[in-house]
Amino acid sequence: MTARQAELAANLDTLRARVAAAARAAGRDPGDITIIAVGKTFPAQDVASLVRLGVIDFGENRDQEASAKAAAVAAALPDATVRWHFVGQLQRNKTGSVAGYADVVHSLDRARLVDALARSAGRAGRRIDALIQIDLGSAAGPDGRGGAAPDDVVALAERIAELPALRLAGVMAVPPLDADPATAYARLADLAHRVRSVHPDAAAVSAGMSGDLEVAIAHGATHVRVGTALFGGRALVSDHVR
Ligand SMILES: *Cc1c(COP(=O)(O)O)cnc(C)c1O
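The written sequence of each chain sets the order in which its residues are numbered from 1. Only residues with pLDDT of 70 or above have their local features reported here, since the model is predicted, and side-chain atom pairs are shown and tallied only from 80 upward, although totals for entire chains, interfaces and linings are computed over all residues. Values reported for side chains reflect all heavy atoms of the structure, with hydrogen atoms and water molecules removed beforehand.

A look at a positive patch on the surface
So, point 1. Taken together, the side chains of Arg-92, Arg-112, Arg-119 and Arg-123 make up a positively charged region of the molecular surface.
So, point 2. Counting from the N terminus, the helices are the DSSP runs of H or I reaching at least four residues and the strands are the DSSP runs of E reaching at least two. Residue position: Arg-112 is located in helix H5 (residues 111–124).
So, point 3. Only protein chains enter the accessibility calculation, which uses a 1.4 Å probe; a residue is then buried when its area is under 20% of its type maximum, exposed when over 50%, and partly exposed in between. Given the relative accessible area of 55%, Arg-112 is considered exposed. Nonpolar side chains (Val, Leu, Ile, Met, Phe, Trp, Tyr) are joined into patches within 5 Å and like charges within 9 Å, using only residues with over 30% relative accessible area and no salt bridge. Residue burial considers only the protein chains on display, and all accessible areas are found by Shrake-Rupley using a 1.4 Å probe. Salt bridge, as used here, is a side-chain nitrogen of Lys or Arg placed within 4 Å of a carboxyl oxygen of Asp or Glu. Positive charges come from Lys and Arg alone, negative charges from Asp and Glu alone, with His and the N- and C-terminal ends not counted. To locate a charge, the coordinates of NZ of Lys, CZ of Arg, CG of Asp or CD of Glu are taken.

Here it is in structure tokens:
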């Protein structure tokens, strides 16, 4: 084992223990929470190492990096089960590429994007799990993280549910930088409940990152998107979140 592999293994152990403790503290089954390893800026080799340690779910936020990494991992580990989650802001002209490798898209926030992804998935002969990203609002105004306005979420859910190439899976949010995560995630839980009351299968709540996953799990997160706590710190790149 290389030093890097040992580091990833140790980080994964620590992370799994954190998630399990948070679940138990919330009276939830740790098995109901999926860890998505967000490996942006880190090499495909790190993803392959985590696959060998039993991680299945990987997240990326930029199409160019994600498509190259998905191809590299598939070439290195052709028999492995890997699920790719696209978690970043998505432009309509990138849906064709994303539909080629993504199993789940977390960042659907407008009807035209939903329609474009459905067309691309249909053309690729694939069915993609779709989460609605919700803008939980920032006192400082829009912070560029994307997301549908809370009032638009139910209509967007309706539209996704009508498209056979997409499966409405649930909701996602990135809390505003200036917000109290507990308040933001309580708001998300309320909106998730509203969607689920109409679409009972749309049970995914994608919430929680390295710094706040305990709070998110306490408020019902089913999927935590973890970068730093697993891979280590990222060099600052302007179009990456944080
Ligand atoms: C990078 C990223 C994460 C992971 O953030 P960490 O704080 O490094 O755990 C989660 N969600 C999205 C949308 C991201 O872009």
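Thoughts on the site of the ligand
So, point 1. Looking at the ligand, there are 12 residues lining it, with Lys-40, Ser-210, Gly-227, Thr-228 and Arg-234 nearest.
So, point 2. Throughout this description, a polar contact denotes any pair of N or O atoms lying within 3.5 Å of each other; where both atoms belong to protein, one of them has to be capable of donating a hydrogen while the other can accept it, and for residues adjacent in sequence the pair is counted only when both atoms sit in side chains. In the environment of the ligand, a nitrogen atom lies 2.9 Å from a nitrogen or oxygen atom belonging to the side chain of Arg-225.
So, point 3. Contact with the protein chains hides 96% of the accessible area of the ligand, taken as 390 Å² for the molecule alone.
So, point 4. Lys, Arg, Asp and Glu make up the charged group, whereas Ala, Val, Leu, Ile, Met, Phe, Trp, Tyr, Cys and Pro make up the nonpolar group; the residues left over, Gly among them, are polar. Grouping the constituent residues of the shell around the ligand by class yields five nonpolar, four polar and three charged. Note on definitions. A residue lies near a molecule or strand when any single heavy atom of the residue is within 4 Å of it.

What to know about helix H6 (residues 153–161)
So, point 1. For H6, the set of buried residues is Val-153, Leu-156, Ala-157 and Ile-160. One face of H6 carries all of its buried residues, which in axial projection span an arc of 105°.
So, point 2. Next to the buried residues of H6 lie strand S4 (104–108), H5, strand S5 (128–133), strand S6 (166–172) and helix H7 (181–198). This arc is built from the directions going out from the helix axis to the C-beta atoms. By the convention used here, residues are in contact when the closest approach between their heavy atoms is within 4.5 Å.

Remarks on the nonpolar core
So, point 1. For the purposes of this section, nonpolar cores are sets of buried Ala, Val, Leu, Ile, Met, Phe, Trp, Tyr and Cys residues that join through side-chain atoms within 4.5 Å. Judged by nonpolar contacts, the single largest core of 67 residues is most densely connected at Leu-50, Phe-58, Val-105, Ile-132, Leu-188 and Val-224.
So, point 2. Counting residues in each nonpolar core, the second largest holds seven residues, with Val-104, Ala-169, Met-172 and Ala-204 among its members.

Considering the environment of Leu-113
So, point 1. Position of Leu-113 relative to the elements: it lies in helix H5.
So, point 2. Owing to a relative accessible area of 0%, Leu-113 belongs among the buried residues under this scheme.
So, point 3. With 21 residues separating them along the chain, Leu-113 and Arg-92 place their C-alpha atoms 5.5 Å apart.
So, point 4. Beyond its immediate stretch of four places on either side in the chain, Leu-113 contacts Leu-90, Gln-91, Arg-92, Thr-95, Ser-107 and Leu-108.

Regarding the pairing of strand S8 (residues 223–226)
So, point 1. Burial along S8 is two-sided: His-223 and Arg-225 facing one way and Val-224 and Val-226 facing the other are all buried.
So, point 2. Paired strands, in this sense, are two strands between which DSSP finds at least two bridges. Pairing of strand S1 (residues 34–38) with S8 involves four bridges; the strand directions are parallel. Looking across to S8, one finds that Ile-36 is bridged to Arg-225.

Overview of helix H2 (residues 44–52)
So, point 1. Residues of H2 that are buried include every one of Asp-46, Val-47, Ala-48, Ser-49, Leu-50 and Val-51, and no others.
So, point 2. For H2, the secondary structure elements touched by its buried residues are helix H1 (3–25), S1, strand S2 (57–60), helix H3 (63–76), strand S3 (83–86) and helix H9 (228–231).
So, point 3. A positive backbone phi angle near 100° is found at Gly-54, which sits one or two residues after H2.

Topic: the pattern of salt bridges
So, point 1. For the structure shown, the criterion picks out 13 salt bridges.
So, point 2. Across the pair Arg-62 and Glu-65 runs a salt bridge whose closest N-O atoms are separated by 4.0 Å.
So, point 3. Note on Arg-62: relative accessible area 27%, which makes it partly exposed.
So, point 4. Among the ionic pairs, Glu-65 bridges to Lys-69, the shortest N-O distance being 2.9 Å. Of this pair, Glu-65 and Lys-69 are both found in helix H3, four residues apart, which corresponds to roughly one turn of the helix.
So, point 5. Put simply, Asp-57, Arg-83, Asp-129 and Arg-167 are held in one network by salt bridges that share partners.

Some details on the packing of H1 against H2
So, point 1. Viewed as axis vectors pointing N to C, H1 and H2 meet at an angle of 55°, and their least axial separation amounts to 10 Å. Taken together, H1 and H2 sit at an angle that is classed as oblique. Relative to H2, H1 is oriented so that their crossing is right-handed. Touching Arg-4, Gln-5, Leu-8 and Leu-12 of H1 are Asp-46, Ser-49 and Leu-50, all from H2. With axes taken as lines fitted to C-alpha atoms, and helix axes fitted only over the stretch in contact, angles between N-to-C directions fall between 0 and 180 degrees. Any angle from 65 to 115 degrees is called roughly perpendicular, while one under 35 is roughly parallel, one over 145 is roughly antiparallel, and all others are oblique. Crossing handedness follows the turn of the near helix against the far one: under a right angle anticlockwise gives a left-handed crossing, and clockwise gives a right-handed one.

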